[in-house]
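# Inside the fold
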Amino acid sequence: MILINPPIVKPSEPPAGIGKLSGALRAANIRHYINDANIEGIYYLLNNAPGPTDTWTRRAFRHLSHNLDALKGRDIYRNIDRYKRAVMDVNRILEYAAAGKGTRLSLADYYHPNLSPVKSRDLIYAAEHPEENPFFSYFSTRLPELVESESIGTAGFSINYLSQALTAFAMIGFLKREFPHVMVIAGGGLITSWMRNPGWKNPFRGLLDHCIPGPGEKPLLEILGRKVLKKGDYRPYYDLLPVKDYLSPGFVLPFSTSKGCYWGKCAFCPETAEGNRYVQRRPDSVIDDLSYLVKQFSPVLIHLTDNAISPVMMRKIVERPPGAPWYGFTRVVDYFADTDFCRALKDSGCVMLKLGLESGDQRVLDCMHKGCNIKTASNVLKAIKKAGISTYIYLLFGTPSETIEEARNTLAFVADHCDYIDFMNLAVFNLPVNSLEAREVDTVDFYDGDLSLYNDFRHPEGWGRRQVREFLDKEFKRNAAVQSIMRKQPQFFTSNHAPFFIMEQEIQ
């Protein structure tokens, strides 16, 4: 079997889901190969782009090797301006390489002006015309090489993001055309979201032999006719992945300690809308696995990929540190206001916490059922910073309960706490198609697509997407305190590279 990670996602670390699947296949003694087509395809385009014609692209080509080496080194993370210049130059070549196919490509996204990843007919078109995909020259050579040399009978595609969908289906279409005997299985976050929609009817018969929603280890082994472990918990393996090729200063180990979200009460949450059940892995088993993987790979950083790291897991990490620096996403809760606890987290290796604050207005937080007090949020930011841990906060604008005045309260909160916020992500609210709360507003189609994950809606206060964007561009981002935070934002890689800047500051 072959497991495939299609382009395009941020090429900073290996795909966590495929590592887990590899562990399950290994436990069942199934010979398999992993093709991270994302990192391989990016390198292919960078090294085979047509000759440049403009000054910027010529410069980017001259410095390509140096810039790639720099992003895999440490020094560049000591200077955000040098970093941004290197990333923008690498991205420029990627853009240039794809332009001939009419596609806008970046290190983090894929856009086609005429084909949509939320329209099944467009995905089928991509499968029927794979030669139109910018990665065709890569996968039309690489897939036959792998299928023939490894005697592949089954191909599993992990499709997690909309940015992967069109290329994934182009690869699937090519594979089915050239090797019709190969069974194709698709899974991953995007497939899960599609299949959890009550109106789902598989439009891809003939292309996809099996679709797997949710965690794929058990269903995959069942499809392959192999015994499943009773506990169903498999240690991930990354030894079949090109761990030295990712654009980070060392190997980043992605690892999940749980599935779903332990809070599970936030309004408009996709996890709740999709009915994803929360499962916390046994904390001691988590640390056992992390310790093993740290000894095997000596990662420069552990990325805990949970939707929200639970309190019980945090305490276990403090009790049994994993042996390498780490970061992850969590909720704004009382125990982070305890400076001693935060210092213990710092001692365990925590370099950065991603915090889903969402709003700086208490009424908005209450309407979203965040279970967060704005005074507590203030204390949490201060305690985390005092302990020496950096923060990456996430803000969400345009929820049905928010007004422009409450958005300005969020701006005031950020300005008042700018000394305690290192990085920040700003998002405009999307309404999940399956959320119970969607019944309370007047919805309209967000995308013209049968696979759309979101609806647009008429905001009760007239605070629509256009007005929100105008506020962010003309008011929020022009605030001096906000600008001081946003200037530090790593281009394209965002939170995946943010910890490295903190780690380098600590060394200095």
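This report concerns the structure included in the present document. (Residues numbered from 1 in each chain as written. Predicted model: local features only at pLDDT ≥ 70, side-chain atom pairs only at ≥ 80, totals over all residues. Heavy atoms only, no water.)

### Thoughts on the overall build of the protein
Each helix and strand in the protein was counted, giving 20 helices and 18 strands. For 508 residues, the compact-globule formula gives about 23 Å, and the C-alpha radius of gyration of the protein, at 23 Å, lands near that figure. With the C-alpha coordinates of the protein rotated into their principal frame, the extents come out at 60 × 50 × 50 Å. For the protein, the residues scored as buried account for 57% of the 508 residues in total. In the protein, 77% of the contacts between residues at least 6 apart in sequence involve partners at least 24 apart. Of note, the protein has its 61 positive side-chain charges centred 3 Å away from the centre of its 57 negative side-chain charges. (Helix = DSSP H or I, 4+ residues; strand = E, 2+ residues; numbered from the N terminus. Rg over C-alpha atoms; globule rule 2.2 N^0.38 Å. Buried < 20%, exposed > 50% of the residue type's maximum accessible area, 1.4 Å probe, protein only. Contact = heavy atoms within 4.5 Å. Lys, Arg positive; Asp, Glu negative; His and termini not counted. Charge placed at Lys NZ, Arg CZ, Asp CG, Glu CD.)

### Notes on the sheet that holds strand β6 (residues 183-187)
What the five strands build is an open sheet, ordered β2-β1-β5-β6-β7; its pairing is parallel. At either end of the open sheet lies a strand with only one pairing partner, and these are β2 (33-35) and β7 (210-211). With three bridges connecting them, strand β1 (residues 2-4) and strand β5 (residues 154-158) associate as parallel partners. From the neighbouring strand, I2 faces β5, where its bridge partner is A155. Each of β1 and β2 is contacted by helix α7 (residues 136-149), which is oriented at about 180° to β2, the strand it contacts most. Contacts between helix α8 (residues 162-178) and the sheet are confined to β1, β2, β5 and β6, with β5 contributing the most and set at about 170° to the helix. (Pairing = 2+ DSSP bridges. Axes fitted to C-alpha atoms, helices over the stretch in contact; angles between N-to-C directions.)

### Overview of the environment of L395
Within the secondary structure, L395 sits in strand β14 (residues 390-397). Each C-alpha atom, one on L395 and one on R104, is 27 Å from the other, the two residues being 291 residues apart in sequence.

### A word on the pattern of salt bridges
Following the criterion strictly, the structure yields 28 salt bridges and no others. In this structure, R343 and D340 form a salt bridge, with 3.5 Å as the shortest nitrogen-oxygen distance. In this pair, R343 and D340 are both assigned in helix α14 (residues 339-347), three residues apart and thus about one turn of the helix distant. The exposure class of R343 is partly exposed, given its relative accessible area of 37%. Put simply, D284, D288, K316, E319 and R320 are held in one network by salt bridges that share partners. (Salt bridge = Lys/Arg side-chain N within 4 Å of Asp/Glu carboxyl O.)

What is shown is where atoms sit, not what they do.
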